[in-house]
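Listed below, chain by chain, are the residues.
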Amino acid sequence: MSISRTGAAQALRMSPGLKRVESRSSIVTDAVLPLDTIIEGDCIAALQRLPAASVDLVFADPPYNLQLGGDLQRPDNSMVDAVDDDWDKFASLRDYDDFTRAWLAAVKRVMKPDATLWVIGSYHNIFRVGASLQDLDFWILNDIVWRKSNPMPNFRGKRFTNAHETLIWASRDQRSRYTFNYEALKAGNEDVQMRSDWLIPLCTGAERLKDDEGRKAHPTQKPEALLARILLAASKPGDVVLDPFFGSGTSGAVAKKLGRHFVGIERDQAYIAHARERIALAAPVDDAAMLAPAEKRAEPRIPFASVIERQLLQPGAILTDANGRHQARVRVDGSIMLGDIVGSIHKIGALAQGLPACNGWTYWHYDNGGKPALIDELRAILRKELAAAG
């Protein structure tokens, strides 16, 4: 996708709050957002027609500006099906930077205050995109390394194999209260925090779209697994996902499956045809399968004293660690005593282990009919009672 330096500069100068209708490309902030629709046309012009502050998440896979210097060949002299489409070609790095700032400014206008943006790229462009993001006061939250388990080899043997791409995750600004489904990601990752390096294979096999002649329908089709992790990480069912470089429609297909809405922008009619067919075949998952576990930080705070007040434990009860090495006595005020030292379940738990901090709820056990059980189970009873009470 190419844009002139003049056109990009004009797009940057247009005020995000402007409300005027002079032509199809004028900024209109009171339009209806076209949910679950592919908009055909130039991404910047289309973005300027969308209502302001209307989308929850943006996934952008912009042109990489690969600057290929001729055809690529394998050692057997066969040709590599590389990205050489016109939409990936720019006259200069300055033109590419102007284009990047223009579409980022247009995207920022349509993001809700707490929305986030995901941009993917290679070493050819991602650093320039990152600088433009910061220039436009986006707030970078993470960079994610997508490690490809099956990357294309470096056939010339003069560089390292390009085995990853980089995603930048950014909020609209520093004050954004963005969505991050931490507990859901952790639960799906063997109860370990999700890291910023993701090992996901390239799009291959039946998932790879082909044209009538058996060739790739799109040269840079992203795997659905990558988009699924992004949407599950940073959006909720019912949210609106915008993709200004829609291509073969991976983001739209995944959004439909996961109960999100999508708005795609694409200028290539062949890509649009493939995307529409693909999305029509995408089947939403069952509603119950999309219910995320409650975020622990969002659950009501229960003081340990409430456990005593509700008589789930009696004053004088003995708490132990998992191995029974340490014993602490429960006091009537909700504190506990280890030897002569009195403190909270957290402070005494940390002291017993010689650590600076401890979650006492998941450290101390009580006697439950002759078997040790975490006191966190008692907290769960109180939380359930609170939920039942409305």
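Residues numbered from 1 in each chain as written. Predicted model: local features only at pLDDT ≥ 70, side-chain atom pairs only at ≥ 80, totals over all residues. Heavy atoms only, no water.

This part covers the sheet that holds strand S8 (residues 261-266). Reading across the sheet, the 8 strands line up as S1-S8-S7-S2-S3-S5-S4-S6 and stay open at both edges, with mixed pairing between neighbours. Every interior strand has two partners, whereas the edge strands, strand S1 (37-40) and strand S6 (197-199), have only one. Adjacent strand axes in the sheet meet at a mean angle of 20°, parallel and antiparallel pairs treated alike. Pairing of strand S3 (residues 111-121) with strand S5 (residues 164-171), which is carried by 6 bridges, proceeds in the antiparallel orientation. Bridged to Trp 118 within S5 is Trp 169. Taken strand by strand, helix H4 (residues 126-135) contacts S3, strand S4 (139-147) and S5, and its axis lies near 160° from that of S3. (Pairing = 2+ DSSP bridges. Helix = DSSP H or I, 4+ residues; strand = E, 2+ residues; numbered from the N terminus. Axes fitted to C-alpha atoms, helices over the stretch in contact; angles between N-to-C directions. Contact = heavy atoms within 4.5 Å.)

Predicted confidence across the protein chain gives a mean pLDDT of 84, with 83% of residues reaching 70 or more. This stretch, residues 1-26, has a pLDDT under 50; its non-local contacts, to residues over four places away or in other chains, come to 51 contacts. (pLDDT = per-residue confidence, 0-100.)

With 34 residues, the main nonpolar core has Leu 47, Val 55, Trp 103, Met 111, Leu 117 and Leu 242 as its most contacted residues. When residues of this core are traced back to their parent elements, those giving at least two are helix H2 (43-49), strand S2 (55-60), helix H3 (93-110), S3, H4, S5, strand S7 (240-243) and S8. Among the elements that take part in this core, H3 stands out by supplying 8 residues, more than any other. Every residue in contact with Met 111, bar those within four places of it in the chain, is listed here: Ala 53, Ser 54, Val 55, Val 58, Thr 116, Leu 117, Phe 138 and Arg 172. If you look at the next biggest cluster of nonpolar residues, it comprises 30 residues, including Leu 57, Phe 59, Leu 226 and Ile 272. (Core = buried A, V, L, I, M, F, W, Y, C linked by side-chain atoms within 4.5 Å. Buried < 20%, exposed > 50% of the residue type's maximum accessible area, 1.4 Å probe, protein only.)

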